[in-house]
Amino acid sequence: MVRAEIERTDVSGPRVLQRVLLIALFAGMTICARSPDAGAGWRSGFVAFAIAAGLLVFIEWRRGGILRRDVIVMAIALRVVAFPLTPTLSDDGYRYVWDGMIQAQEGINPYEFRPVDPELADFHEEPIYLRMNSSAYYSVYPPLSQLVFALGGLLYPLGWLASWYLIKLLMVGGELIGLFLLSRMVSSRELLLYAWHPLVVIETAGMAHTEALTIGLLIATVWAVRRSRETLAGAGVAAAGWVKLVPFVFAPFIIRRMGWKATAAGIFLACALAAPYASSFAIPHVRESLDLYVRSFEFNAGPYLALKGMGAGFGFGDVSKMLGPALQWLFLLSLPVVFVLDWKQGWRVETVLVIVLSSFFLCSTTLHPWYLLPLLALLPLIFERDVGRWYGLGWMVLGVVSLATYSRYAGPQWSYGLAIWLGWLLWSGFMVMALTMRVLPHIMRKRAMGKWDRIRKHLPMPIVPKSPVLDLGAGEGFVGHAVQQATGAQVMLVDVVDFNQTQLPLVVYDGRNLPYADGQFEFTVVSFVLHHSEDAERTLSEAIRVTNGPVAVLESVYVTPWQHWLLDQLDRLANALRSEGRMTAQEEHLRFRTNAQWLEVFAQLGLRVDHVSIKGKWIHQRALYVVQSRQD
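Residues numbered from 1 in each chain as written. Predicted model: local features only at pLDDT ≥ 70, side-chain atom pairs only at ≥ 80, totals over all residues. Heavy atoms only, no water.

Undergrad: Just checking my understanding: could you explain the overall build of the protein for this structure?
TA: Helix and strand counts for the protein come out as 25 helices and 7 strands. Its C-alpha atoms put the protein at 105 × 60 × 55 Å along the principal axes. Within the protein, buried positions represent 53% of all 632 residues. Within the protein, residue pairs in contact and separated by at least 24 positions form 73% of the contacts whose partners lie at least 6 positions apart. Put simply, the protein has 55 plus and 50 minus side-chain charges, and the middle of one group is 6 Å from the middle of the other. (Helix = DSSP H or I, 4+ residues; strand = E, 2+ residues; numbered from the N terminus. Buried < 20%, exposed > 50% of the residue type's maximum accessible area, 1.4 Å probe, protein only. Contact = heavy atoms within 4.5 Å. Lys, Arg positive; Asp, Glu negative; His and termini not counted. Charge placed at Lys NZ, Arg CZ, Asp CG, Glu CD.)

Right, dumping it as structure tokens:
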């Protein structure tokens, strides 16, 4: 289902200037994306513009408030800026044109000969041959990619640039179709983070890597699965596999969901696309080149390079020849595990694709920047959960920093290594945050049970089933849920923001007047809330008003100024993690008190204090107060 677009567009002057600046940064990247022969200065400028553009995109994402239409228009504009580029950052484009030329002009199967072979000697004076890298390798590009190259090759008589720009136009067209379909499945804010990503724009509209077409087909596959279009889903994954081979590993996951219609459609399309290139030499030649790539190349693969360095550090020498195949097997063995987990837990299709692609990249020995494009396109689909957001941001940041690895071909010797370790270090930080968000609810649920266990021991009467209970300032609702589970009470959650993670009902109120009658609840818990209140005394008075029995107040207290400062810092950090910035307004009113000051507040409000206890001595002193109106 398409999520409702609730943001309002912001057309303020500063925001317009930010858009103009973003276009200028992409123009700077395009101008500086010269061949390595141009010198280190140009490549350093490219990296600087790329990092600045990535930061600005992140700022725009954090700010939000933009319409889907504006995201798409800006995305197209950025791709237009990058479109004039020739194959300068990567020379793959020359091979695209070469493969297309020999197909369209000579009718030669691109898998039959290596460019250096004497059978193709008549073309060795062509400009694209002289600029092409890996001319001693057979082509490894699958059939659908080859068909696109062949279409470009039709224009070769007009010059290799004519072929290049037609191939690029077809690739970018496929990516834009994926972008449009993605816009129907995610909010404009999440779409922006992919659509304006500097790596995406440069590698699709700039370098025309075949991953651009893969993006369109994979997003179409997800779209089809979500709408139960079995035939389209099967055809989509088959077509994606014949652009880049990796998507074929998604087939079992799609078939499990879509059944025999998807299977039949996928097999039919895969055979139809492969038929023009079917020959006895195609598979052996492709396998030979792929094997050479895997065994001979390593680039920007942080986990692999870290393991290789550890092997050398422990005295095992160069373990790369063993490590590469071992990682391949590790990836392959992970697939049945993911399949079983997917079957048991009922994951969404985009979650499975993200997990499989992530595993593939983590087990790779070579991770050129453009390899990440399909993953970056899928990540906005998992951003709706906090875990997915942190996980996705880690890969998005790695994608930006990976553009700095282009310095390997023109730049200071140390810059390439720095780019790798900085990118993967930042990625690791985001993964830690994702893991934290994954385990934090479990920790908080356990802590909530401990809070309730502490409270119940000091209540003047037990909470009986069906009793109306209020959890004021409920946050995730875990304390209220613990009360409900332990007593069978009817618990209502109330807070000024909604990040409830339980099935209990929650009411959002204005922070001043509770929408309940006097004495409506038998018991109220106020757990680590009052230090956030703009008017703690009023919040507590309202809790007393709507409660017929005791009110349990848990609060952080301090003795020394150092403890006060530490409480302030830890509270801001904890709430930033819990609420993803939704408690920013409450942080403005942050005020901790000593035990004596809280007792003075209770006295001023005319409350009877039935119990006081304090746990913890140094970092976090946690006070429990059980109070009631004196007339009770």
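There's plenty left to go through after this.
Undergrad: What is the right way to read the nonpolar core from this model?
TA: Soluble globular proteins: nonpolar side chains tend toward being buried together. Counting residues in each nonpolar core, the largest one holds 135 residues, and the members touching the most others are Phe46, Tyr194, Trp196 and Trp395. Looking at this core element by element, the count peaks at 11 residues for helix 10 (residues 211–226). Not counting residues within four places of it along the chain, the set of residues in contact with Trp395 comprises Ser358, Phe361, Leu362, Leu372, Leu375, Leu376, Leu379, Trp424, Trp427 and Met431. Judged by nonpolar contacts, the second largest core, of 25 residues, contains Leu470, Val494, Leu514 and Val529. (Core = buried A, V, L, I, M, F, W, Y, C linked by side-chain atoms within 4.5 Å.)

Undergrad: Looking at this structure, how should I read a nonpolar patch on the surface?
TA: On the surface, a nonpolar cluster with roughly 660 Å² of combined accessible area is contributed by Trp562, Trp565, Leu570, Trp618 and Ile619. Residue placement: Trp618 occurs in the loop between strand 6 (607–615) and strand 7 (621–629). (Patch = residues over 30% accessible without salt bridge, like charges linked within 9 Å, V, L, I, M, F, W, Y side chains within 5 Å. Areas by Shrake-Rupley, 256 points an atom, 1.4 Å probe, with all protein chains shown as cover. Salt bridge = Lys/Arg side-chain N within 4 Å of Asp/Glu carboxyl O.)

Undergrad: Before we go on, may I ask you to explain the confidence of the model for the protein in this structure?
TA: In low-pLDDT regions, the fine details of the predicted coordinates are not to be read closely. For the protein, per-residue confidence averages 91 on the pLDDT scale, and 95% of positions sit at 70 or higher. Segment residues 1–9 is flagged for pLDDT under 50; beyond a separation of four residues in sequence, or across chains, it makes 22 contacts in the model. (pLDDT = per-residue confidence, 0-100.)

Undergrad: Looking at this structure, how should I read the packing of aromatic side chains?
TA: Where two aromatic rings form a pair, the distance of their centres and the angle of their planes describe that pair. Evaluation of the coordinates by the stated rule reveals 27 aromatic pairs. When the ring of Tyr111 is compared with that of Tyr277, the centres are 5.8 Å apart and the planes differ by 75°; the resulting orientation is edge-to-face. Of this pair, Tyr111 sits in the loop between helix 4 (92–104) and helix 5 (127–131) while Tyr277 sits in the loop between helix 13 (260–274) and helix 14 (282–296), placing them 166 residues apart in sequence. There is no split in this pair, since Tyr111 and Tyr277 are both buried. (Phe/Tyr/Trp six-rings, centres within 6.5 Å; stacked < 30°, edge-to-face > 60°.)

Undergrad: How should I be thinking about the environment of Tyr516 in this particular structure?
TA: Within the secondary structure, Tyr516 sits in the loop between strand 3 (506–508) and strand 4 (523–527). Between the C-alpha atoms of Tyr516 and Ala543, which are 27 residues apart in sequence, the distance is 9.9 Å. Those residues within four positions of Tyr516 in sequence are excluded, and the remaining contacts are Leu470, Met492, Val494, Val507, Phe521, Arg545 and Val546.

Undergrad: Please clarify how the packing of helix 15 (residues 302–313) against helix 20 (residues 413–456) should be interpreted in this entry.
TA: The description of two packed helices rests on the angle between their axes and on the distance between the axes. Two numbers describe how helix 15 lies on helix 20: the axes approach to 10 Å, and their chain directions differ by 110°. On the basis of their axis angle, the class for helix 15 and helix 20 is roughly perpendicular. Where helix 15 abuts helix 20, its residues Gly302, Pro303, Leu305 and Ala306 lie against Ile420, Trp421 and Trp424. (Axes fitted to C-alpha atoms, helices over the stretch in contact; angles between N-to-C directions. Parallel < 35°, antiparallel > 145°, perpendicular 65-115°, else oblique.)

Undergrad: Help me understand the pattern of salt bridges, please; the structure alone is not making it clear to me.
TA: When charged atoms on two side chains of opposite charge get close, those side chains can pair. Summed over all chains, the structure comprises 20 salt bridges. Put simply, Glu350 and Arg348 hold a salt bridge, and the shortest N to O gap is 3.3 Å. Look at Arg348 and you get partly exposed, because its relative accessible area is 35%. Here Asp453 makes a salt bridge to Arg456, at a shortest N to O gap of 2.7 Å. Linking Asp453 with Arg456, this pair stays in helix 20, spanning 3 residues, or about one helical turn. Three or more residues joined by partner-sharing salt bridges are found here, namely Arg226, Arg348, Glu350 and Glu384.

Undergrad: Can you help me understand the pairing of strand 6 in this one?
TA: Pairing between strand 6 and strand 7: 8 bridges, direction antiparallel. Bridge assignment links Ile614 to a residue of strand 7, and that residue is Ala623. The hairpin formed by strand 6 and strand 7 contains 5 residues between the paired strands, and Gly616 there has a positive phi angle of roughly 90°. (Pairing = 2+ DSSP bridges.)

Undergrad: Help me understand the sheet that holds strand 1 (residues 468–472) in this model?
TA: For sheets, the rule is that strands pair by backbone hydrogen bonds, running either parallel or antiparallel. Strand order in the open sheet made by the 7 strands is 3-2-1-4-5-7-6, with mixed pairing throughout. Edge positions in the sheet fall to strand 3 and strand 6, since each of these pairs with one other strand and no more. Sheet twist, expressed as the mean angle between neighbouring strand axes with direction ignored, is 20°. Pairing of strand 1 with strand 2 (residues 490–495) involves 5 bridges; the strand directions are parallel. Along strand 2, the bridge assignment pairs Leu472 with Val494.

Undergrad: Quick question: what am I supposed to make of the packing of helix 10 against helix 17 (residues 349–362) here?
TA: One can describe the packing of helix 10 onto helix 17 by two numbers: an axis separation of 10 Å at closest approach and a directional angle of 145°. Side by side, helix 10 and helix 17 meet where Val222, Val225 and Arg226 of the first sit next to Val349, Glu350 and Leu353 of the second. Class assignment of the residues belonging to the contact of helix 10 with helix 17 gives a composition of 4 nonpolar, no polar and 2 charged. (Nonpolar A, V, L, I, M, F, W, Y, C, P; charged D, E, K, R; others polar.)

Undergrad: It is not clear to me how the side chain of Lys168 should be interpreted in this structure. Could you clarify?
TA: One can find Lys168 in helix 7 (residues 160–183). One buried charge, Lys168, has no salt-bridge partner; the nearest side chain with opposite charge is Glu203, at 10 Å. With residues up to four places along the chain from it excluded, the contact list for Lys168 reads Ala82, Phe83, Pro84, Leu85, Thr204, Ala205, Gly206 and Ala208.

Undergrad: Sorry, what's going on with the pairing of strand 5 (residues 551–557) here?
TA: Regular strands place side chains that alternate from one sheet face to the opposite one. Of all 7 residues in strand 5, 7 are buried, a share of seventy percent or more. Neither face of strand 5 is open: one carries Val551, Val553, Glu555 and Val557, the other Ala552, Leu554 and Ser556, and all of them are buried. In this sheet, strand 5 lies alongside strand 4 in parallel orientation, the contact comprising 4 bridges. In the strand pairing of strand 5, Thr524 is matched with Val551. The parallel pair strand 4 and strand 5 is bridged by helix 22 (residues 536–545), and the resulting crossover is right-handed. Bridging between strand 5 and strand 7 involves 7 bridges; their strand directions are antiparallel. (Right-handed = clockwise from strand over helix to strand, strands pointing away.)

Undergrad: Please explain helix 17 as it appears in this structure.
TA: An α-helix turns once every 3.6 residues. As a result, residues three or four positions apart point the same way. Compared with an ideal rise of 1.5 Å per residue, which puts 14 residues at 20 Å, helix 17 spans 20 Å between its outermost C-alpha atoms and is within 8% of the ideal. Taken as a whole, helix 17 has its buried residues at Val349, Glu350, Val352, Leu353, Val354, Val356, Leu357, Ser358, Ser359 and Phe361. (Expected span 1.5 Å × (residues − 1).)

Undergrad: It is not clear to me how helix 12 (residues 251–258) should be interpreted in this structure. Could you clarify?
TA: Within helix 12 the residues assigned to the buried category are Ala251, Phe253, Ile254 and Met258. All buried residues of helix 12 lie within an arc of 165° about the axis, which places them on one face of the element. Check the buried side of helix 12 and you find it contacts helix 10, helix 11 (230–241), helix 13, helix 16 (320–345) and helix 17. (Arc of directions from axis to C-beta.)

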